[in-house]
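A closer look at the structure
These are the residues of each chain, in order.
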Amino acid sequence: MDRLTLLDSFLTALEEGSLNRAAIRIGITQSAMSQQIAQLETHLGHPLLRRTPKGVHATRAGDLVASHARKLLSGYDHLQADLATLDASVSGTFRISVSTYLGRMVVGPALIELDPQFPDLNIVMRTEDRFVDVVRENYDLAIRSGQLGDTDGIARKVAELESVLVATPGYLDQTGRPKAPADMHRLKLILRSEDLAAPHLELFRDGEMHPAPVRVGFTADDPELILRAVHNGSGYTRAPRMLVAEAIASGQLEVILPDYPPAPKEIFAVYPSRHATGKQLDVVLSHILQRLTAAQDRDAALRSPPQRTLPAAAE
């Protein structure tokens, strides 16, 4: 891991007074934060933090390191700003990792649209449903939803996707439509392999969580295969609404317990460093988010009833 990232994590821990709060702020796990602090202490040869029941505080060496770290990070920000002014063009290779369904629905089409505007930009996109470490695997950006796993990168929440539980009307005719979360035990869940098979789903109504029992019937890591199993009547699944919006609108799929939706799916942009900047990143991420917003707008339009034009009143 680069030393500037370690220094940045150290300063964040001091600002928050807690490794846990610092980890949440940066977007990594508490264990990853502890490892970063330990790595910095090993590299510098001094303990930097004193842990107490009330939080973490700097040692004498930690105070000295913090003073120099602030100057170094400030200088690095100015360096990047100066470099950015040297060349306003968008060119070179940009490596991005994205989950399969986001890659197919949003990110891939967005990146294809960029080519005519930026012909000198070479984008390498990998679709992979696994945890990636943007630092060790040399990615410029990763777009991920839900859990991030252990990574040396810095995560920033950039969007939320509305989630729904869906099944075919035929499957619900056969099993009976649940009227409350407790009735979900009759249905089989088609589970995405990266999600944990918890004993219950967390459904929400009026801000209150209602657990729904889970009975897993099939598990896969390919979103297309999961939806095929759902359309085959094998069970229900949890999916981003925009992924199944057209199937819902056409009546092929039906939303289960629409008054008790699951929590939204959080979307994160993961960078190699908190100070990752540049025209490449700005252009790519901005266009991805525009495409994501457009997809959500299409979903909203499908749900809106068509406007009827009333006949003009006779004079």
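Residues numbered from 1 in each chain as written. Predicted model: local features only at pLDDT ≥ 70, side-chain atom pairs only at ≥ 80, totals over all residues. Heavy atoms only, no water.

Okay, the sheet that holds strand β4 (residues 121-127) next. The strands making up a sheet associate through hydrogen bonds between their backbones, and the pairing can be parallel or antiparallel. As summarised here, the arrangement of the 5 strands in space is β4-β3-β5-β14-β6, forming an open sheet in which the pairing is mixed. Of all strands in the sheet, those with a lone pairing partner are β4 and β6 (154-161), marking the two edges. Across this sheet, the average inter-strand angle for adjacent strands is 20°, counted without regard to direction. Sheet strands in contact with helix α5 (residues 100-114) are β3 (92-98), β4, β5 (141-145), β6 and β14 (265-271), and its direction is about 170° off that of β4. (Pairing = 2+ DSSP bridges. Helix = DSSP H or I, 4+ residues; strand = E, 2+ residues; numbered from the N terminus. Axes fitted to C-alpha atoms, helices over the stretch in contact; angles between N-to-C directions. Contact = heavy atoms within 4.5 Å.)

Even without a glycine there, the phi angle at Asn138 is positive, about 60°. Within the secondary structure, Asn138 is located in the loop between β4 and β5. You can call Asn138 exposed: its relative accessible area is 55%. Notably, Asp206 is not glycine yet its phi reads approximately 55°, a positive angle. Mapped onto the elements of the fold, Asp206 is located in the loop between β9 (200-205) and β10 (208-213). (Buried < 20%, exposed > 50% of the residue type's maximum accessible area, 1.4 Å probe, protein only.)

Turning to its location among the elements, Thr59 is positioned in the loop between β2 (55-58) and α4 (60-86). We classify Thr59 as buried; its relative accessible area is 16%. With sequence-adjacent residues up to four places away left out, Thr59 is seen in contact with Pro47, Leu48, Leu49 and Arg50.

What follows deals with the environment of Phe94. Relative to the elements of secondary structure, Phe94 occurs in strand β3. Note on Phe94: relative accessible area 2%, which makes it buried. Spatially, the C-alpha atom of Phe94 lies 8.2 Å from that of Leu141, the residues being 47 residues apart in sequence. When residues no more than four places from it in sequence are discounted, the contact partners of Phe94 are Leu121, Asn122, Ile123, Val124, Asp140, Leu141, Gln280, Leu281 and Val284.

Attention now goes to the sheet that holds strand β13 (residues 254-255). With respect to topology, 3 strands assemble into an open sheet ordered β12-β7-β13, the strand pairing being antiparallel. Since the sheet does not close on itself, it has two edges, and those belong to β12 (237-240) and β13, each with one partner. Where strand β7 (residues 163-167) and β12 come together, 4 bridges link them in antiparallel fashion. Along β12, the bridge assignment pairs Val164 with Ala239. Contacting β7, β12 and β13, helix α8 (residues 241-250) crosses the sheet at an angle of about 105° to β12.

Any functional reading would require information that these geometric values do not contain.
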